[in-house]
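Residues per chain are reported as follows:
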Amino acid sequence: MTNKLNTNDCSEWNIVESKFHIESNAHYETLFSLGNGYIGMRGTFEEGYNGPDGTGIEGNYINGFYDSHVIKYGEVAYGYAKEGQTMLNVTNGKIIKVYLGEEELDLTKGTINEYERVLRLKEGILTRELIWTSPKGKKIKVESKRLVSFKHKNLAAINYSVTALNFEEEVKLVSVIDGNVTNMSTKDDPRVGSSFDGSVLTTEDINIEDSFGFVGQRTKNTKFKVICAMENEIETRNSYEIENNKLDNRVETIYKIQAKKDEKITLNKYISYVTSRDLKEEELIPRAKEVVKRAKIDKFERLLEDQINYLEEYWYKADVHIKGDEQLQQGLRFNMFHLLQSAGRDGKTNIAAKGLTGEGYEGHYFWDTEIYMLPFFLYHHPEISRKLLEYRYSILDKARERAREMAHPTGALFPWRTIAGEECSAYYPAGTAQYHINGDVALAIKRYMDTTEDTEFLLKYGAEMIFETARLWADLGTFIEKKGFCINGVTGPDEYTAIVNNNIYTNLIAKVNLSYANEVATWIKENEPKAYEELAKKIDLKGGELELFKRAADEMYVPCDKERGLYAQDDNFFERGVWDFENTPKEKYPLLLHFHPLVIYRHQVCKQADLVLALFLLGENFTLEEKKKNYDYYEKITTHDSSLSTCIFSIMASEIGYHEKAYDYFMKTARMDLDDHKGNTTHGVHAANMAGTWMSVVNGFGGLRVFGDNISFKPCLPKKWDEYDFKVIHKGRLIHVLINKNGTTYRLLEGEDITIKHYDRHILLKAKGEVKIGIGEN
Ligand code: BGC
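Parameters and conventions
- Residues numbered from 1 in each chain as written.
- Predicted model: local features only at pLDDT ≥ 70, side-chain atom pairs only at ≥ 80, totals over all residues.
- Heavy atoms only, no water.
- Helix = DSSP H or I, 4+ residues; strand = E, 2+ residues; numbered from the N terminus.
- Rg over C-alpha atoms; globule rule 2.2 N^0.38 Å.
- Buried < 20%, exposed > 50% of the residue type's maximum accessible area, 1.4 Å probe, protein only.
- Contact = heavy atoms within 4.5 Å.
- Pairing = 2+ DSSP bridges.
- Axes fitted to C-alpha atoms, helices over the stretch in contact; angles between N-to-C directions.
- UniProt positions renumbered as here; feature names shortened; annotations may be inferred.
- Polar contact = N/O pair within 3.5 Å; in protein donor to acceptor, adjacent residues only side chain to side chain.
- Expected span 1.5 Å × (residues − 1).
- Arc of directions from axis to C-beta.
- Near = heavy atom within 4 Å.
- Areas by Shrake-Rupley, 256 points an atom, 1.4 Å probe, with all protein chains shown as cover.
- Nonpolar A, V, L, I, M, F, W, Y, C, P; charged D, E, K, R; others polar.

## What about the overall build of the protein chain?
At step 1: Looking only at helices and strands, the protein chain features 18 helices and 34 strands.
At step 2: Relative to the 2.2 N^0.38 estimate, which gives 28 Å for 778 residues, the radius of gyration of the protein chain is 27 Å and therefore close to what a compact globule would have.
At step 3: Every one of the 778 residues in the protein chain was classed for burial, and the buried ones make up 63%.
At step 4: If you take every contact in the protein chain between residues at least 6 apart in sequence, the share linking residues at least 24 apart comes to 67%.

## Remarks on the sheet that holds strand 12 (residues 155-164)
Sheet strands line up and pair through hydrogen bonds in the backbone, either parallel or antiparallel.
At step 1: Read across the open sheet, the nine strands follow the order 1-9-10-11-12-19-16-15-14; overall the sheet is antiparallel. Every interior strand has two partners, whereas the edge strands, strand 1 (14-17) and strand 14 (201-209), have only one. Strand-to-strand twist of the sheet, defined as the mean angle between neighbouring strand axes without regard to direction, takes the value 15 degrees.
At step 2: Lying over the sheet, helix 3 (residues 300-318) contacts strand 10 (125-133), strand 11 (139-148), strand 12 and strand 19 (264-275), oriented at roughly 50 degrees with respect to strand 11.

## Quick word on the UniProt feature "active site" (unreviewed entry) in the protein chain
At step 1: If you check UniProt for "active site" (unreviewed entry), the listed places come out as Glu495 in our numbering.
At step 2: You can see Glu495 is positioned in the loop between strand 22 (484-486) and helix 10 (504-527).
At step 3: According to the relative accessible area criterion, Glu495 is buried, its value standing at 19%.
At step 4: At 2.7 Å, the side chain of Glu495 forms a polar contact with the side chain of Gln434.

## Let's talk about helix 3
At step 1: With 19 residues, helix 3 should cover 27 Å at 1.5 Å per step; its first-to-last C-alpha distance of 26 Å lies within 8% of that length.
At step 2: Buried within helix 3 we find Phe300, Leu303, Leu304, Asp306, Gln307, Leu311, Tyr314, Trp315, Lys317 and Ala318. Take helix 3 and look down its axis: the buried residues cluster within an arc of 165 degrees, on one side only.

## Looking at the site of the ligand
At step 1: If you check the shell around the ligand, you find Ala353, Tyr361, Phe366, Trp367, Asp368, Trp416, Glu495, Lys607, Gln608, Ser642 and Leu644 and nothing else.
At step 2: Take Lys607: an N or O atom from its side chain is 2.9 Å from an oxygen atom of the ligand.
At step 3: The separation between an oxygen atom of the ligand and a polar side-chain atom of Gln608 is 2.7 Å.
At step 4: Considering the ligand on its own, with 310 Å² of exposed area, one finds that the protein chains cover 94% of that surface.
At step 5: Considered class by class, the residues forming the shell around the ligand number six nonpolar, two polar and three charged.

## Quick word on unusual backbone geometry
At step 1: For the peptide bond that leads from Tyr589 to Pro590, omega is -5 degrees, which places it in the cis range.
At step 2: Secondary-structure assignment places Pro590 in the loop between strand 25 (577-578) and helix 13 (597-601).
At step 3: Although it is not a glycine, Glu453 sits at a positive phi angle of roughly 50 degrees.
At step 4: Its place among the elements puts Glu453 in the loop between helix 8 (436-452) and helix 9 (455-476).
At step 5: Given the relative accessible area of 47%, Glu453 is considered partly exposed.
At step 6: For Ile499, which is not glycine, the phi dihedral falls at a positive 50 degrees.
At step 7: Along the chain, Ile499 falls in the loop between strand 22 and helix 10.
At step 8: Classification of Ile499 by relative accessible area gives partly exposed; the value is 41%.

## A closer look at the UniProt feature "domain: Glycoside hydrolase family 65 central catalytic" (unreviewed entry) in the protein chain
At step 1: When the UniProt feature table is mapped onto this chain, "domain: Glycoside hydrolase family 65 central catalytic" (unreviewed entry) is found at residues 333-695.
At step 2: Between the first and last C-alpha atoms of residues 333-695 the distance is 13 Å; the span itself is 51% helix and 4% strand.

In structure tokens:
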């Protein structure tokens, strides 16, 4: 089932739900999730939801807060990942129950007279306005505003009002913190579901006094602690009583108010989450208290103001404006908003494949970050990219341990999927075997350095990761006569082809990793000799290793069928039969849910961009003709069963001049979650794809490429659009690019003069200056 948003609800800065439907409720809960890179709250109703199973998924998450579990294998082998890690659905702090006399506000009963829920991308809040008539005929108006603060990492707040419209009676508002929470489990989809049986959180501290209450819980295996606290504040002219209750795993404050007709009653609820992953245990309760007390002094309005200011800065640099297609504009901004909400920025956390919006992929971090999300931030908020790389550094020691376990005497092997650094992939052919993750991290560091020239980062974190990842390739590969440096027994990005020799993407990215290691070593030796000496000593890096890196990079084997002029995705790729696409009905996709992996692996069929991704990321190594020929071949055998695929095909289609195709792929990308194209947005957004939307515009239609020191653009204007513009940061400059029917205008908004390339022309952009290039002058 796909849930298409009603097109009448389309607005450039808002996502609007104007009618409540049980069938699409879980989808909207995902779309309306709020987060700040640390706390994530699904867009569930404050008063709860009693619809049929599966149509509502309560979820509150903390980035990097997980419990572990032993992975159960039918048959084990040495080196298999031992423990899984699952981001937990934590203590629910957002509940506000409403009772009109004895009747409970429940949208699945009674009558909804008016309803509107809006996610506001400029304000960073979720608002709801509705009028509901209870089964006994009492009419009430509900207005709520919710935010997860971008400014205060541990804070969320709700401003919740009710107005009795046709009765005068006691109304109860019950503000709750509930520790009775579990993760979801799904048996037949490998992409969702935890291995936990019931709750893994045990309540240890619980208290409620005056307007302040909290529940403190500990995880079963990791023994982490989380405190969820609340401060409440009632605003009413009517008389009321307060009752506090401490129950099993749950605290509540009940406000019993004598409601008067047409008089608004407001409850402000301030919620904090703190955990032992950040603080000492004895600091937890005091900090949780301090955060909500401070917020109560500030008041909801002030938090809202801060939220708007934060987003104003974000949008100033990040926004991509499209004139001529409101639907797309909405999709794009929605995606960029969710990316900001998903990105951990404390150096200890990263971006889960589903952000903080659902339990798909158990909250794991993948290569999705380095190849998709990190570049998105790099060109407008590079400081977030740095934090994401600092996270990788924080798990470097575990990557070293994993490399030893995998029989590599030196180097580091980053985990395919993880939260805290250990390999958590239970299916090694499409997990551990994806060694390319090492090269993805290295490429991200290189790109980060090319854009920011942040040598402090390089010396403190980057260089060490580059050397350790390069060492792994040097150990893994072998020089084979008449071929060169070969990397055997790995899986590339395309998960429908596994454990192969010389996956082309892996070899090419390893080549970058190895040669960059040499470049970095040379640069540090020359410019920071003391730092080089210290680092070399720390990791015992020898001169001979650098020579080996260089030779392996220079002689890297790249599989190719010269006669056909095609690159091979791996050594035996062309020896497999092509998948029978003609006789595969639509309902058999995604193939992974309908065919045994072996059946898939025996065929030429790709789940996602692999070589085509290399054509984009490492495009300087290929001619335009090669790109076109290989694109044509691989497009025919790619199913795009992975959401990481269509954006890359869109970008490459733009580059080789297939403009309509580029647009079609882009359409599939831009509204993937809004319109639930994959049918599984209920389990969380597709974060990599969201970044892919931005890439499809900026790298695709705008043609941005940064190779080394050079920044270039090859803009084109999709037929349906009147105009679009975006900003890009490069070496301390902020460049504004505007493309319309008259041509392209480049403006240098910040920083010193810089030369950029527009198609084949070099253009000098002067500080604060602008250059206009008419259509046809490319
Ligand atoms: C894709 C991987 C991706 C993972 C998490 C899988 O379906 O094939 O490339 O890393 O999803 O997004």
